[in-house]
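Given next are the chains, with one letter for each unit.
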Amino acid sequence: MRTNVNSQLVRHLYVHVPFCPTICPFCSFHVLERRGPDVEAYLTRLDEELAELADHYDVRPDTVYVGGGTPSHLRPSELERLHRIVERRVGWAAIEATLEVHPSTASARRIADWSSLGFTRLSVGAQSFDDAVLRTLGRPHDGDAGRRTVEWCLATGAVTSVDIMTAIDGQDLGSDLSLAVALGADHVSAYTLTIEPDTPFEAIGVVVPDERAASALRTACDVLGAAGLERYEVSNHARPGKRCVHNQAYWMGAWFAGVGPSASSMLPDPDVPGGGAVRSTNAETPGWLAGESADCGRLDGDDLLGDALLCGLRMVEGVDLDRLAVRIGLDARIVRREAISQLIGDGLVELDGPRLRATEVGMMVLDRVAAELL
Amino acid sequence: MSATAHTTGVSLDACYGRERMTQLDRIRNLSIIAHIDHGKSTLADRILEICGAVDPREMRAQYLDSMDLERERGITIKLQSVRLDYRDHVIHLIDTPGHVDFGYEVSRSLAACEGVILVVDASQGIEAQTLANCYLALENDLEIVACLNKIDLPAAEPDLYAAEIEQILGIPADDILRISAKTGEGVAELLDAVVERIPPPVGEVDEPLQALIFDSHFDSYRGVISSVRVMNGQLRSGSKLKFMQAGVTHEAIEVGGRRPENTPVPALGPGEVGYLIAGIKDVGEARSGETITEAARPAAEPLDGYMEPKPMVFCGLYPVDGDAFDDLRDALEKLRLNDSSFSYEPEVSGALGFGFRVGYLGLLHMEIVRERLEREFDLNLIATAPSVEYRLVKEDGSEIVIDNPSDVPPPSEYKQILEPYFACSIITPSNYVGTLMDLCQSRRGEMKKMDYLSPERVELQYRIPLAEVVIDFFDQMKSRTQGYASLDYEPAGYDASQLVRVDILLNSEQVDAFCTIVHKDKAYDYGKKMCEKLKEIIPRQQFDVPIQAAIGGRFIARQTVKAYRKDVTAKLYGGDITRKKKLLTKQKEGKKRMKNIGRVELPSDAFITALRLDD
């Protein structure tokens, strides 16, 4: 029986699956190479966590996003159980259910099964279609595997997104992007290769030159834009009506719950009725399995404002400051007046009615823009 | 409370008080003279152990180097004294700094001593600066007890270097002790020699008080704590004291010995070294070199003062945050109490706002003062290029003194510029003579003398413009000789030179703080190099930043820092927000340490870094 349920609806659910077939040299996520008993323990704990979540919050997901790690690395029966657990505890996604798909784990049959299980959106981690580039990235699949996976996904009728990594030494980015478009992708995420701390790439001293990264961002906008996939966020491009609803929820500051090891949530603060938020991050796998509690941080109005600008300006549409003021009770035009006018003066942001958005130049240096607004 | 166990010697209680003060003939006051890395701090540690002054469990390496900065840099900056008991004797060990910039502090500690221990590395021989300090000791009639340290090293050649010391200083090779401060071998014998050879102090207990302050530092809880050496009379707790040079009166709240923790006693007698707390808040009233006497029965004359240290190198120090000007002034006032060898006066820079022109003994001293201001007073400072004191001769023959290059007027307004010179003495293994001569030549040096101290070791004497010595000369000398050469220097007058003023422009705006005076023949290279270096140091901004060097309005070099093209996180989803925010907040903190010059953000140590990268 539910007690003390927070009255605010939570409409977005993220499920983290920590297993991978291999560890990529650019990845800083906490992942594990899978072992049978681990998956069993994982599913059991996931069930418990969802039950606890449902005890405290009214979770009715419009969107579910199953990411990782490599969720498609789970066996069909395991993924089915995951689906069942979510459905039983909080209900399955009413609008969009995304599964991250690794080409090495895909087959026509498996993909068809995932689709019939209820995944309406498949996000393929192709990264590139060039074998040499894939080798550089330490990926275990070749370009053909990526291409076939995209085709199989499209064949199911699911919205199909393709991840392409950009700014890699020796990459013909134009042809990677064109191929994704030619295959019929509905959505492309073009991520600049980023050298994260404590990754093998960092250890061997891989560097992504500023100019190359900048030109990759421009190429992505040009090539994808010309093909009808409009940029709607720094790295994301979609055909009309095919944007990712779940990810937009993050950028627009909606409540979301994350379950699984190292998953994050942003939920209403139970102690501050009608305002305040708590951001929490679950423990990494061993701690999470042992039932360790999440690392929580309270956000006050000013924190929320900073978050809203940091995330919202990533979207091409920017942030509606009127609506934001209503939501969190602070008007950025007043409490960030100086920073905003400085940024406008520098040509990095613009105000269009109540909307604050990054200019084309501002979009390229958004971290600096965001730092000024925090 | 006595913090230490006494294994030998007389008990503290027995030696203090009017009739219980330590008898003069049982006191030995000494300093250790040694080159950096020749093992002075290790020897001091060993002596402290042998005398039971430090519980072995509490022993930390380099006990006397209590300032973090000293341990990090492996050098002694501030004087520390310690009172030790050894074989019925009291030994006051007064630490001396080991860097050429701090010759003034060495002279202060020597004035409180009757003798010195000279420590020479048995694998390297005596160094230029150690030699200079030995001459200083000889001038002061101090007894030198020489020892060769590190005899446990396979490379040690004690016979060779004992002969060298005999030749240079006239100390018989047979009298030179051989020790290993590391293993403790020979250290007890060294202490025996100290007791036997170093004369006890002289002084009259019934005379009016004369005590010398040879170091002072400011403690936030107790005010000024001074290190003192009593020459005559008694320094009694509770007595009214007159500070003869400052002309002020204070009450002695506490006097005591350092064992090494401060240990209060009723009085210090003639020849004794200890500390004095007199509730002094005003930083100017307890300078080193001050003579203290009793207000009720003052001495007729103060003791011989010390040679006032003369600042040689100058640079501007500005708070990165303009509002912190008052904090900087307070910090300088407080720091000057610990280190009276730097000078400061307010100045205004078009680029940097309000700050101070600070004079230092040398380049290391400059870095240390700045680091201490930042660490101990939590300030963010920007330093301008170091400069020396120039003399401008006008057409009518009148002279003006300039220590800030941006004050140099156009050439039409003066007849001549004179610059200060140093007489430099370098001691080096003979195989490095060629490379050192090249270095001195390239620094406009003029050779005065070359002496073979032994077949393997040479002393070079050069007269070099100070401006060429202060920037990077020491580091260059060290790197060219694998660290074997050593340097000592002293002022050697002024001479006219063909000097020009080189301006640096950032984003087409002249930055007065970056202006320098350079010899005409070197100006072009200097401007070119400085632009290249600044290009490396200045972070990318939102716009292209041209860096230009100019002489009298004529551009001689140009570089451009390209605007950054891309700075945006590729992936930012639900789980990344907290981490990203932390990162951006940290970057923003970093930016606070940058100084805005016009619209250009500059790291606060940009100029010092540019100069250090030289060559």
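These remarks concern the structure in this document. Because the structure is predicted, anything quoted here is derived from the model rather than measured. (Residues numbered from 1 in each chain as written. Chains lettered and ligands numbered in written order. Predicted model: local features only at pLDDT ≥ 70, side-chain atom pairs only at ≥ 80, totals over all residues. Heavy atoms only, no water.)

**So, the overall build of chain B**
In terms of helices and strands, chain B carries 15 helices and 33 strands. In chain B, of all internal contacts separated by at least 6 residues, the share reaching a separation of at least 24 is 71%. Carbon and sulfur atoms provide 48% of the accessible area of chain B, an area that totals close to 24800 Å². (Helix = DSSP H or I, 4+ residues; strand = E, 2+ residues; numbered from the N terminus. Contact = heavy atoms within 4.5 Å. Areas by Shrake-Rupley, 256 points an atom, 1.4 Å probe, with all protein chains shown as cover.)

**Section: empty space enclosed by the protein**
Following the criterion strictly, the structure yields five cavities of 30 Å³ or more and no others. If you add up the space inside the largest cavity, you get close to 80 Å³. As for the largest cavity, its lining consists of Y250, W251, G253, F256, M266, R279, L304, D307, A308, C311 and R327 of chain A together with I577 of chain B. Elements that contribute at least two residues to the lining of the largest cavity include exactly α9 (245-251) and α11 (301-312) of chain A. No other element matches the four residues that α11 of chain A contributes to the lining of the largest cavity. (1 Å grid on protein atoms, 1.4 Å probe; cavity = no way out; pocket = protein on both sides within 12 Å on 5 of 7 lines; lining within 4 Å. Points joined across faces, edges and corners; volume = space filled by probe spheres on them.)

**Looking at the interface of chain B and chain A**
Contact with chain B, which involves 24 residues of that partner, is made by 35 residues of chain A. Each partner contributes to the roughly 2900 Å² buried at the junction of chain B and chain A, and carbon and sulfur atoms together form 52% of this total. For chain B, the biggest contributors to the area lost against chain A are K566, Y573 and K581 of chain B; these three give 21% of the whole. Between the two partners, chain B and chain A, sit eight salt bridges. (Buried area = accessible area lost by both parts, 1.4 Å probe. Salt bridge = Lys/Arg side-chain N within 4 Å of Asp/Glu carboxyl O.)

**So, the sheet that holds strand β13 (residues 262-265) of chain B**
Residue and element names in this part refer to chain B. As summarised here, the arrangement of the eight strands in space is β11-β10-β16-β7-β8-β15-β12-β13, forming an open sheet in which the pairing is antiparallel. Each of the sheet's edge strands pairs with one partner strand only, and the pair in question is β11 (248-251) and β13. Within this sheet the neighbouring strands show an average axis-to-axis angle of 40°, counted without direction. Sheet topology places strand β7 (residues 210-219) next to strand β8 (residues 223-232); nine bridges connect them, and they run antiparallel. The residue bridging Q210 from the neighbouring strand is N232, located in β8. (Pairing = 2+ DSSP bridges. Axes fitted to C-alpha atoms, helices over the stretch in contact; angles between N-to-C directions.)

**Looking at the nonpolar core**
The biggest cluster of nonpolar side chains holds 111 residues, and the ones touching the most others in it are L13, V15, L82 and F119 of chain A. At seven residues, helix α1 (residues 36-56) of chain A tops the list of elements feeding residues into this core. If sequence neighbours within four positions are ignored, L13 of chain A has contacts with L50, L53, P61, T63, V64, Y65, V86, V90, H246, A257 and V259 of chain A. Grouped together as the second largest cluster of nonpolar side chains are 50 residues, L379, L439, A467 and F473 of chain B included. (Core = buried A, V, L, I, M, F, W, Y, C linked by side-chain atoms within 4.5 Å. Buried < 20%, exposed > 50% of the residue type's maximum accessible area, 1.4 Å probe, protein only.)

**Digging into unusual backbone geometry**
Omega for the peptide link from G68 of chain A to G69 of chain A comes to 25°, which places this bond in the cis form. Mapped onto the secondary structure, G69 of chain A falls in the loop between β4 (57-68) and α2 (76-89). With a phi angle near 55°, D378 of chain B is a residue other than glycine that sits in the positive phi range. By the secondary structure assignment, D378 of chain B is in the loop between α9 (363-377) and β20 (381-383).

**Considerations on helix α5 (residues 128-139) of chain B**
Residues and elements named next belong to chain B. With twelve residues, α5 should cover 16 Å at 1.5 Å per step; its first-to-last C-alpha distance of 17 Å lies within 8% of that length. A128, Q129, T130, L131, N133, C134 and A137 are the residues of α5 that are buried. Residue D141 follows α5 closely and has a positive phi angle near 60°. (Expected span 1.5 Å × (residues − 1).)

**Let's talk about a negative patch on the surface**
A surface patch of like charges, here negative, comprises D321, D323, D327, D330 and E333 of chain B. Of note, E333 of chain B is situated in helix α8 (residues 325-338). (Patch = residues over 30% accessible without salt bridge, like charges linked within 9 Å, V, L, I, M, F, W, Y side chains within 5 Å. Lys, Arg positive; Asp, Glu negative; His and termini not counted. Charge placed at Lys NZ, Arg CZ, Asp CG, Glu CD.)

**Brief notes about α9 of chain B**
Spacing of three or four residues puts side chains on the same side of an α-helix, whose turn is 3.6 residues. Residues and elements named next belong to chain B. When the terminal C-alpha atoms of α9 are compared, their 21 Å separation across 15 residues agrees well with the 21 Å that a helix rising 1.5 Å per residue should span. Those residues of α9 not exposed but buried are L364, H365, M366, I368, V369, R370, R372, L373 and E374. Remark: D378 follows α9 within two positions and exhibits a positive phi of approximately 55°.

**Observations regarding the environment of A383 of chain B**
The topology assignment puts A383 of chain B in strand β20. With 221 residues separating them in the primary sequence, A383 of chain B and S604 of chain B have C-alpha atoms 6.9 Å apart.

**Overview of the sheet that holds strand β17 (residues 355-358) of chain A**
Residues and elements named next belong to chain A. Ordered in space as β15-β17-β16, the three strands form an open sheet in which the pairing is antiparallel. Of all strands in the sheet, those with a lone pairing partner are β15 (319-320) and β16 (349-352), marking the two edges. Alignment of β15 against β17, held across two bridges, turns out to be antiparallel. Across the sheet, the residue bridging to V319 is L356, located in β17.

**Let's talk about the pairing of strand β33 (residues 600-603) of chain B**
A two-sided burial pattern is seen for β33 of chain B, the buried positions comprising V600 and L602 of chain B on one face and E601 and P603 of chain B on the other. Count of turn residues in the strand β32 (residues 594-597) of chain B/β33 of chain B antiparallel hairpin: two residues, of which G598 of chain B carries a positive phi of about 60°.

**Digging into the side chain of R336 of chain B**
All names here are of chain B. Turning to its location among the elements, R336 is positioned in helix α8. With a relative accessible area of 18%, R336 lands in the buried category. Setting aside residues no more than four positions away along its own chain, R336 makes contact with R287, S341, F342 and Y344.

**What about the environment of R258 of chain B?**
All names here are of chain B. Relative to the assigned elements, R258 resides in strand β12 (residues 254-258). Taking relative accessible area as the criterion, R258 reaches 7% and is therefore assigned buried. In the structure, R258 is positioned 31 residues away from S227 in sequence and 9.5 Å away in space, judged by C-alpha atoms. Once residues lying within four places of it in the same chain are set aside, the contact partners of R258 are S81, V82, R83, H217, I225, S226, S227, G274 and Y275. Side chain to side chain, R258 and S81 meet in a polar contact 3.4 Å long. In this structure the side chain of R258 is engaged in a polar contact, spanning 3.3 Å, whose partner is the side chain of N262. (Polar contact = N/O pair within 3.5 Å; in protein donor to acceptor, adjacent residues only side chain to side chain.)

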